[in-house]
Structure formats: structure tokens, C-alpha cells
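Structural overview for review
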Amino acid sequence: MSTTHIDLGVTGMTCTSCSSRVERKLNKVEGVTATVNYATESASVEYDSTLTGPVDLIKVIQGAGYDAYDANPPAADTDPNAPAGSSAQTPADIAREEEAANLKRLTIMSSVLSLPIMAMSMIPALQFDYWQWVSAILATIVFINGGAPFHKATWTNINHGSFTMDTLITMGTSAAYFWSLYVMIFGHAGMPGMRMHMELVSNNAEMDHIYLESVGMVITFLLLGRYFEVKAKGQSSEALRTLLNMGAKDASLLVNGKETRIPISELAIGDVFVVRPGEKIATDGEVIEGFSAIDESMLTGESVPVEVQEGSRVTGASINTSGKLVVRATRVGSDTTLAQMAKLVTEAQASKAPVQRLVDRIAQVFVPAVIVIALATLVAHLMLSQGVAPAFVAAVAVLIIACPCAMGLATPTAILVGTGRGAQLGLLIKGPEILESTKKVDTIVLDKTGTVTTGVMSVSEVVTAESLDESTVISYAAAVEAGSEHPIAKAIVNHAGEHPAATAFQSQAGIGVTGTVDGHRVAVGRRRAGRMDVSRKAVSSAGDANLGTLTDAFTSAEESGGTPIVVRIDDDIAGVITVRDTIKDTSAAAIAQLQELGLTPYLLTGDNEGAARAVAREVGIDPANVFAGVMPDEKVSKVIELQEAGKTVAMVGDGVNDAAALAQADLGLAMGAGTDVAIEASDITLMNSDLRSAASAIRLSRKTFSTIKGNLFWAFAYNVILIPVAAAGFLNPLFAGLAMAFSSVFVVGNSLRLRAFQAE
């Protein structure tokens, strides 16, 4: 089986019932797994390429009564003459703009024609002889042309044996329109001199009351509401489009000392390109020449530029603010950080939260239920001998008021806006189910190095045995540490400066390193880093109990929050090097924010207990909530330990060493560079190194989920309250349509408030 992914744009959907039907049709195809999102007007499809293809999938959607297109066409299909830096429109943008333009035209036309109908119906002074026939002509144009989107969708749905919200709209407006024509032709409503008063409550028993103003204004309000929905969906997708268009359009390729300007799509891994001040970095790479400050705020949300030099890694789409850089490309195309961010956000917006799946199931039975209620209302009013007119009006009002557009928009629009705003702030939420999990989290485990602290270690003190001098101990230690990438190793190497070379280098994770320097066996590591076992050429834990005269130095370093590193030369204790990690300026504020969110913070580190507790006290973590001396493979067990104690655990780490723990946690947040490992292991990727982003991500997720709940409450409450009112005959169809349209606009507007979310 060869599984392939494709994103399809779907046009013509008017409600979640439509998206559900398209989803069912696609999933009936052998080898296809699809999720269709009404808010994003898209289908995320995994298919077996040996059984079907994109053309077949599009035909399936067309067979369901809609149209589709490849949402991510090949680069070759884009306009080659588009100017560099321009923001090319996607097929989704074009389709949405066309739909918005058509809805705008229909809304204007319908409002221009419906306002005179409403004025004449409400104000008896304007009701001249035969005014009702003028109203009928105007209402016919609105009913046929303005109502076309609803009637067309209804006909498509009927042909496929299903009912949607458009069905309710068509049935309601058709009933009001044809009833009005009936009483005008066969009743007294068409007679010259007929006068009518507009009423909020429908209680007319006569056969001469017409409802053409309801036809016109209901269709106008619905068109206006749908226009606002389309525009709002376009606005809520703006963050993702901005992200996609953030990258550079071309690059200055450097070949044999000559620069050539090429499109970004032609860059390959290993290519060398030049970035001048003010230019965007074309793709992820490594600086091989130059020094500058890079503005990564568009990707990470951090406003302070990051200094880079030879050997530094840079991210595509960030801006070179000062010096000229020569960069070697390390990742291109879909592998870049920017592309991964866009992919992550797109997948989050295209997938469905559990609460949305529940709403979809409710919508499947809601429309048929409303039709039954409308028929029951008609029959009940007739049996109560209240007359045909009020019975018909009550049934029409039920059909119109029940259109659950707000229900269909409640969840996807909030997810769309929330995840899009998160992307702007460098907070990548992996999927909508994460929004719900953030509500349950009560404990947060923080990896110390690189998360709470800067991860930049420096040597603060070197204490040696009486027979050795400091320069010898530090240079020998640096010789073997030069083979390690650990932050402590780098601190020792930087402090020592020049040092001899080591041979027979060995490393054991979490313990230390060994090697041979000038014929001497040297072991450097934590207290467990004992003498070298010559036969095994590895570090053993033997002899770690006795530090002799250096015991006091070791103990003092631990108690003061430093990390003491033991150096042994030829199995003898040679010295203790104390290194310290700097706590980030924002860590204390971040811990306070997490506690305000109701989370109990725990500190997790491989460092010694004294150093860990000192850091915990400084940032506001209870020293009792410290897991110290934890080996990399033990981090998962600590998370499990908390979970078994009944806690719902979030984990914040660097996304590399902590990958397993991030995956085990109920909510994983990876800080830092947004690497492949971070994205795969975590639920939320934080594109910057500020721990406050973890609190912001949880706040945004909770606020988005609260918005969803608020939207659903409004949508359900609105239907629960007004359907019985309409069924009792106490609601004019015109005001029913107005209320229904307002509810949809309210839900979309409420979701758009998430765009104002700010990180603290």
C-alpha cells in the first residue's frame, strides 16, 4: 500500500451537513481516509495511490454535488512573472473571493428590492392600491435570484437523499412565498385597497395576510450572514497565509565567487547563498562566513535580534539586520522550519476536535427533526382550529429559526482563529484535541537546562589536589571534554582556552567522559564518574564515594547551586571544577504565570540536588517538587510516577533529549528551535526559548476552548429557546430569519475576538 496525502479545496458547501456528506462519500472509496472541514472549506485526504488518484477524488466530490481543486498545486503551476516578494493568491483565496463577490452582489440586490417590500408591509400610509402586487414582483426576483444559492444547494441535497440547513431555508421561504401568492390569487389579499400592519408576533387568522416581506428580508439577512461568514473565514485564515508568504522569494546563489539571483524553489541542500542586511534568509542553513544579528520575531515572537556568526544555524524567513552573511543551505522546500510550521497549523485547522464531531452527529439528525417539528406545528395549529394562516406562519417560522448555521460554525471558526493567532506568536498547536487537554492539566514538569535556565554554563571555580596546579587540571579536563557536545563540556573547554589533544575518547550519557592525555588516563564527570576501567575502556562508578580533601569543595559547590565536576588523573582525584547555569530572566515570571493557571510546577534535571533546589527556590518552585540526578532514560518514569499519583501532567523540554517524556506526558510542550523531533514528540511547539510562551500557549488553548463552549452554548440555547416560541405561533418569520442570521454572525464575531489575544 502506497499512502499519499493531498489537501483539496471544496466549494459549494453551505453547512456542516454538506461537509459531513462529502466526508462520507470520500471515506467510502477504497483506501481513502478523509476529514472535511466546513470552516476551512477543505478536505485532508490520505489515499492509496495504487487504487485511486487526485482526479478520482475530485470526481467523487463532484458526484456529491460540489466542486473541488488541489489546494496545493505544484510550484510550476504558479505565475512565473509574479514579482519577487509578491503574495500570490492560492486557489482557496480565489474561490473564496469569487464566492464573497457573488454573495455581495446578491445581498445588495436583495436588500435594494426587499426594503421597499418591508416598508410597504410595515407602514400602511405607503400601501397604495395594488401595492401587494408590486411587492410580489419584487419578492419573486429576490426569491428566485437571491435565494438561488439556497435553492440550488437544497436541490443538490434532495438528489442525494439528504436534508441540510439549506433545506430548511428553502422550505421556509417557499412556504411563505407560495402562501402569499395563494391568498393574493384565491383570497382577498390581492384586492385593491388591502391594508396590512407589521407585527412581531404572528396572530393573524385571516386568509388575506401576506408574508412577502418575510421572504425578501429572510433571504437578505441570510445572504448577509453568509457573506460575513465567508469574509470572516478569509480573515481567520489570514494568519496562516501570512505564515506561508513569509519566506523569501529568491536567493543570491554563490558559485565560484559569483552571485546569481535564483528563485527559492531552485535552492538545493548544500548550496551557498549570500544574505545582505535587510534581506530575508532564503532557507534554513548554517553560517559559513560573516557576523550579524538576525530578527526572528516573525517566527518566534521574540523581538530581540539573535547574534549569529560562523557555525551558527539560521532559519529561513528570518531577517538579516546588519552584517553580510554567507550561508550554506541545510534544509529546503517542505523540510524547512517555516514549511513545518505551516504544515502543523494547516493540519490543526483541518482536523476536528472531539466536540466538533459530536456537533456533526447532532446536525445529522437535527434537520429531519426540525422538519418533523414544523409539520407537527402545522397539524397542531390546524387541529386547534386556529386557522390555516397562523398554522402555516408558525410552521414557516420554525423552519427558519431552526437553521443551525451557528452550530456548524461554533467549533471550526474558533479553532481556525485560535491556531492562526498562535502561529503568529510562535505557538504551534498540533491539533484541536490539544485545546481540550489543556483544560485538564494540573501539573507541569519543567526540564531545567535550556528551559528554566539559559543552558549556557560557565566555570566559576576550580579546586585542585595539593600536588597539582589549576592550569594542568583544567587543560587535561578540557582535552577530554573537547569531544563532547554537552553544555558543561563546552564551559570547561571555553574556560581552559588552549589544551592538549586527547585520544581513546569515551562518553557515557549522564555520567561523564574519559580519554588519554599525554599518556595519562583522565576521567571527567559527575561524582559517579569514577576511575577508568582499562579493560573495558569505559567509565565505571567505582571509587565515587571518597573525594578526600576535595569533599568540602564538592559539598560547597552543590549547596551553593553549582554543579561540581570531578576530574581524575590516573585514577586519582585531581580536582573539582564548579560550573553554573544562568537562570533566564523571565523564568520566575513564567513560573508565576503557570501557577496562576492552576498548575503545580516540578523541576526535572540530571543535575545534583543542591543545584536543582537552588534554581527551584530562585524561580519560585517548591524545593520539594524537584527531581534531581535524573538520567535521560529516567525522565519518562518520573512523568509516569506523577500520572500514577492521579495528576494530569504537562511536560516542557527542549524536544530532543526530552522527546520520550514529551510523548508520555498528557500535554507535551517543546521549547526552542522547532526541530523535527520537537514537532513529532510534542503537542505544542514553542518557537522561542522564553518559558512564558508555555503559559501563553496554555492560556491561548484554554481561551480558544472556552470560546468554542461559548459559541456552542449560544447556538444551542438560541434553538432551544426560539423553536418552541416559533412553534407556538409567537414569532414572525421575518424576525426568525433575522435572529438566525444574527446568531451565525455572532458566533463568527466571537471567534474573531481571539485575534486580539496577546502573550504576557
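Definitions and limits used
Residues numbered from 1 in each chain as written. Predicted model: local features only at pLDDT ≥ 70, side-chain atom pairs only at ≥ 80, totals over all residues. Heavy atoms only, no water. UniProt positions renumbered as here; feature names shortened; annotations may be inferred. Salt bridge = Lys/Arg side-chain N within 4 Å of Asp/Glu carboxyl O. Helix = DSSP H or I, 4+ residues; strand = E, 2+ residues; numbered from the N terminus. Buried < 20%, exposed > 50% of the residue type's maximum accessible area, 1.4 Å probe, protein only. Axes fitted to C-alpha atoms, helices over the stretch in contact; angles between N-to-C directions. Parallel < 35°, antiparallel > 145°, perpendicular 65-115°, else oblique. Left-handed = near helix turned anticlockwise from the far one by under 90°. Contact = heavy atoms within 4.5 Å. Nonpolar A, V, L, I, M, F, W, Y, C, P; charged D, E, K, R; others polar. Pairing = 2+ DSSP bridges.

The name given to the chain in an unreviewed UniProt entry is Cation-transporting ATPase, with the source organism recorded as Corynebacterium casei LMG S-19264. We quote the UniProt Sequence similarities (unreviewed entry) comment for the chain here in full: "Belongs to the cation transport ATPase (P-type) (TC 3.A.3) family. Type IB subfamily." Among the UniProt annotations of the chain, the heading Subcellular location (unreviewed entry) holds the following wording: "Cell membrane".

Quick look at the pattern of salt bridges
Under the definition given, this model contains eight salt bridges. One salt bridge connects E259 with R276, and the closest N-O pair in it is separated by 2.7 Å. With E259 in strand β6 (residues 258–263) and R276 in the loop between β7 (272–275) and β8 (284–289), this pair connects stretches of sequence that are 17 residues apart. Residue E259 is classed as partly exposed on the basis of its relative accessible area of 36%. A residue is classified by how much of its surface remains accessible, and R276, at 33% relative accessible area, is partly exposed.

Some points on the packing of helix α19 (residues 587–596) against helix α24 (residues 692–727)
Interhelical geometry of α19 versus α24 gives an angle of 25° and a closest axis separation of 8 Å. Between α19 and α24, the angle is such that the two are roughly parallel. Where α19 crosses over α24, the handedness of that crossing is left-handed. Note on element contacts: α24 touches α19 through R692, A694, A695 and I698, opposite A589, A590, Q593 and L594. Of the residues contributing to the contact of α19 with α24, the split by class is six nonpolar, one polar and one charged.

A short note on the sheet that holds strand β10 (residues 306–308)
The strand order β10-β9-β12 describes an open sheet built from three strands, whose pairing is antiparallel. Looking at the sheet topology across the chains shown, the edges are occupied by β10 and β12 (319–320). Sheet topology note: the strand β9 (residues 292–295)/β10 ladder contains three bridges and is antiparallel. Paired with S292 across the strands is V308, a residue of β10.

Some remarks on the sheet that holds β8
Sheet architecture is open: six strands sit in the order β6-β5-β7-β13-β8-β11, paired in antiparallel fashion. Each end of this open sheet is capped by a strand with a single partner; those strands are β6 and β11 (313–314). Inspection of the sheet shows strand β5 (residues 250–255) paired to β7 by two bridges, in the antiparallel sense. The residue bridging L253 from the neighbouring strand is F273, located in β7.

Examining unusual backbone geometry
At Y130, a position not held by glycine, the phi torsion is positive, near 65°. Residue class for Y130 comes out partly exposed when judged on its relative accessible area of 46%. One non-glycine residue with positive phi stands out, namely A504, at about 55°. In this structure, A504 sits in strand β17 (residues 502–508).

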